[in-house]
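# Commentary on secondary and tertiary structure
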Amino acid sequence: MTTSTFSPPTKLFIAGQWVDGPNKVTVRNKYTGEIAHELSGAGPDEVNRAVAAAKAAFPLMASMPIYKRADILRKTSELLAQNRAEIAKCVAREVGKAVKYAGFEVDRAVDTFRLAAEEAAQIHGETIPIDAVKSGEGLFGFWHRKPLGVVGAITPFNFPLNLAAHKIAPALAAGNTLVLKPAEATSLTGAWIVALLEQAGLPPGAINMVHGKGSVLGDVLVKHPDVAKITFTGSLEVGLHILANAGMKKVTLELGNSSPVIIAEDADLKAAAAKVAIGANYCSGQVCISTQRVYVASAIYEPFKKLLLEEVAKLKVGDPLDPETDVGPLIFEKDAIRVEEWIKEAVAQGATLLTGGQRKAGLLQPAVLENTKPTMKVISQEVFGPACSLIKCDTFDDALRQADDTNYGLQAAVFTRDIERVFQAIKGLNFGGVVINDAPHLRPDMIPYGGNRQSGMGREGLRFAIEEMTSIQTVMFRTGHSR
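Orientation of helix α2 (residues 66–82) relative to helix α6 (residues 187–199), taken along the N-to-C sense of each, is 125°, at an axis distance of 9 Å. Put simply, α2 runs oblique to α6. The crossing of α2 and α6 is right-handed. The segment α2 lies against α6, with I72, T76, L79 and L80 engaging L196, L197 and Q199.

Structure, rendered in C-alpha cells:
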C-alpha cells in the first residue's frame, strides 16, 4: 500500500473552501511541548457561515442517490488507508498516544467509513398493516427514514480521528450535512478527515469545519436554530450544558465512566491480567471505557495481583513516536498533575500504591492501588489517566454490587468461565455494554455503543447512529372510496 505525502491545510473549511479565520489555534506536541501546528481559528461569525453552508448543501445531499453517498464514503476509507502512516504520526503528536495505537485508530476509521458505506444501502422502512383496526379499512401505509438536516459534531481529543468518523460517516450516509468542531488540542487530525472527504468528491458545504475554543464555538453551534442535531463526546459537565441549551434538537451524548472489571475465581488469570494492564493504560488511561475499578475474588486475589504487576511493569512509558512505547503523556500536564494528586490523596486516606504514580511533566507511570475505599476519587469519579485499583471481594454477588454502585453506566467487564455468572452479570449490571473475558475498552465499530445513567444518551455504531440521525416519516393514503 502506498503512502501519500499529502497534508491537510491548517485552515477552516466552509462551503467547500479552505479559509482563514480571525483567530489562531496553537497545537503542541504533547511529549516535547514544542509547537506542532498553528491553525486558523474561528469565531462565532465563522460558525454561522458554516451552518449556513451546511443548510444550503442539505437538499443536494438528501436527494443524492445512496450509491453515490456510499461511493464517497468508500473512497474516503481508501484514502485514510493510503495516508495511514502520516495520520498516525499526527495523532501521536497531537494526543500523545503511542504511535502503534494511533495506527490502530486509523485502521478503525478505515473500517468506520467502509461500514458506513455498507449501511447507507440498508436505510429502509416498512409497510404498516393499517387495516388491522376497523378505522384503517381501505388505507395503505408505510414509514421511511429521512435525514434530519444539519448535524453539529463536537469531537474529543482522545480519539480525534475515529470518534469524528463515528459522527461524520453515519451523518453523510443518511444524507445529512455537518459542521465539525474538533477538539482544539487535536485540530489537525480533524482536518485530515475533512480534506480526504473533499478528495473523495463530497459536494461543497456537505461538511464544514471550525477550529477553536469549545466554550465559544460549541455554544453557537448548540444554540443555532438551523442545526437539527448535536452529537457530542466529552465530559458530563459539558454534556449537561449542551442538554440545557440545545432546545428541541435531537442530541446524542457519549460521556464518562469509571469502568469496572470483575475477576471471578475461575477466570484465566494470566489473560485477564494482560487485558487489564492494557485496558487501564491504553492512551494513558484517557479513554471513557478505560479499566479503573478491578474487583477480584478473594481466593485468587494475590496471584492475580502478582500477574497484573508483572504485566504493568512491561509497559514502556515515553515518546509516543517511538514504536516501542506503550504509554505516552497525558493531553496536558495539568491533567497528569490532577491524576497524581488523586493518587496521593488516596494514599493519604489509607490506600496502598503498589506501583507507579511518579510523574515527570505530562508523563505518569502507570499506577496500581489497593486498599481503596468507595468514597475515594480514584473509585467514585472518572480518573481518566493511567491508574487502576484492585478491590478484594468475598463473593461474586458482592463484586457485582460494588461494580454497579456508580452514577455511570457505559461499559463493564467480567472474566469468568461460568455461564451462570455471565448471565448473572448481564442482569445485574446497568451498563450500556457488558464485555465477557476482555476489558471494557473493547469496541468493535459496528456495535450499538453508548451508556446508561450519567454516561450519556443515544447510541453510536453505524446502523444505530444513522437511526439517531434520521427521523421517521409515516405515509398513509386511501386506496378505496372515501368513507
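Once the structure has been displayed, the description carries forward.
Moving on to the pairing of strand β7 (residues 150–154). Extensive coverage of β7 is indicated by the burial of five of its five residues. Across five bridges, the pairing between β7 and strand β8 (residues 177–181) is parallel. In the strand pairing of β8, G152 is matched with V179. Remark: the β7/helix α5 (residues 162–173)/β8 crossover connection has right-handed handedness.

This brings us to unusual backbone geometry. A positive phi angle, near 60°, is found at N371, a position not held by glycine. If you trace the backbone, N371 turns up in the loop between β17 (367–370) and α12 (377–380). By relative accessible area, N371 is classed as partly exposed at 45%. Backbone geometry at F384 places phi at a positive 55°, although glycine is not the residue there. Among the secondary structure elements, F384 is positioned in the loop between α12 and β18 (387–393).

So, on to the packing of helix α9 (residues 269–281) against helix α10 (residues 301–313). Orientation of α9 relative to α10, taken along the N-to-C sense of each, is 50°, at an axis distance of 8 Å. Classified by the interaxial angle, the pair formed by α9 and α10 is oblique. Here α9 runs over α10; the crossing is right-handed. Residue-level contacts link L269, K270, A272, A273, A274, V276, A277 and N281 of α9 to P303, F304, L307, L308, E311 and V312 of α10. Class assignment for the residues of the contact of α9 with α10 results in 11 nonpolar, one polar and two charged.

Conventions adopted
Throughout, a residue's number is its position along its own chain's written sequence, starting from 1. Whole-chain, interface and lining totals are the exception, using all residues; otherwise, since this is a predicted model, local features are given only for residues with pLDDT of at least 70 and side-chain atom pairs are given and counted only at 80 or more. Calculation of side-chain values draws on the structure's entire complement of heavy atoms; hydrogens and water are dropped beforehand. Note on definitions: angles span 0 to 180 degrees between N-to-C directions of axes, and those axes are lines fitted to C-alpha atoms, for helices only across the stretch in contact. Only runs of H or I of at least four residues qualify as helices and only runs of E of at least two qualify as strands under DSSP, and these elements are numbered from the N terminus. Comment on the angle field: the value is read as roughly parallel under 35 degrees, roughly antiparallel over 145, roughly perpendicular from 65 to 115, and oblique elsewhere. It is the rotation of the near helix from the far one that decides the hand of a crossing: anticlockwise by less than a right angle makes it left-handed, clockwise makes it right-handed. Whether two residues are in contact is decided by their heavy atoms, any of which lying within 4.5 Å being enough. Partly exposed residues are those whose accessible area sits between 20% and 50% of the maximum for their type, while under 20% is buried and over 50% is exposed, using a 1.4 Å probe and protein chains only. Whether two strands pair comes down to DSSP finding at least two bridges between them. We call a crossover right-handed when, viewed with both strands directed away from the observer, the connection leading from the first strand over the helix to the second proceeds clockwise. Note on residue categories: nonpolar means Ala, Val, Leu, Ile, Met, Phe, Trp, Tyr, Cys or Pro, charged means Asp, Glu, Lys or Arg, and polar means any other residue, Gly included.

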